[in-house]
Amino acid sequence: MDYIEKVLEKLKDWARRVIETLLGPEEEPEPELIPIPVRDRRR
C-alpha cells in the first residue's frame, strides 16, 4: 500500500506541474490587512 501511495503522490505532483505550466501558477488571494491601533498624540 505504501508503494501505491507514493505513486499517487508523484502523479498528483506531476499533474499539478502540468496544470501550472498550461494555466500559470495558482493565484493566491491577497492577505487581508490587519488594522494596527496607533495612539494619537496630537492634543
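Located above this text is the structure these notes cover.
Worth saying up front: this structure is predicted, and the values here are computed from it rather than measured. (Residues numbered from 1 in each chain as written. Predicted model: local features only at pLDDT ≥ 70, side-chain atom pairs only at ≥ 80, totals over all residues. Heavy atoms only, no water.)

A. Region of the structure containing the overall build of the chain. When its secondary structure is counted, the chain shows 1 helix and 0 strands. Taking the principal axes of its C-alpha atoms as reference, the chain extends roughly 70 × 30 × 10 Å. When the 43 residues of the chain are sorted by exposure, 0% land in the buried category. Accessible area of the chain: about 5400 Å², with a carbon and sulfur share of 59%. Taking the average location of the 9 positive side-chain charges in the chain and that of its 11 negative ones, the two points are 11 Å from each other. (Helix = DSSP H or I, 4+ residues; strand = E, 2+ residues; numbered from the N terminus. Buried < 20%, exposed > 50% of the residue type's maximum accessible area, 1.4 Å probe, protein only. Areas by Shrake-Rupley, 256 points an atom, 1.4 Å probe, with all protein chains shown as cover. Lys, Arg positive; Asp, Glu negative; His and termini not counted. Charge placed at Lys NZ, Arg CZ, Asp CG, Glu CD.)

B. Region of interest: helix α1 (residues 2-23). For α1, which comprises 22 residues, the first-to-last C-alpha distance of 31 Å matches the rise-based estimate of 32 Å (1.5 Å per residue) to within 8%. Taken across its 22 residues, α1 has 0 buried, putting it largely on the surface. One or two positions beyond α1, positive phi appears at Gly-24, with a value near 95 degrees. (Expected span 1.5 Å × (residues − 1).)

C. Region of the structure containing the pattern of salt bridges. Scanning the model with the defined rule gives 4 salt bridges in all. The residue Asp-13 makes a salt bridge to Arg-17 at a minimum N-O spacing of 3.4 Å. Residue Asp-13 and its partner Arg-17 are both found in helix α1; the two are separated by 4 residues, about one turn of the helix. Note on Asp-13: relative accessible area 25%, which makes it partly exposed. Judged by its relative accessible area of 51%, Arg-17 falls in the exposed class. Here Glu-20 and Arg-16 are joined by a salt bridge, their closest N and O atoms 3.3 Å apart. Pair noted here: Glu-20 and Arg-16 are both in helix α1, with a separation of 4 residues, about one helical turn. On the basis of relative accessibility, which here comes to 41%, the residue Arg-16 falls in the partly exposed class. Counted as one network, the salt bridges with shared partners bring together Asp-13, Arg-16, Arg-17 and Glu-20. (Salt bridge = Lys/Arg side-chain N within 4 Å of Asp/Glu carboxyl O.)

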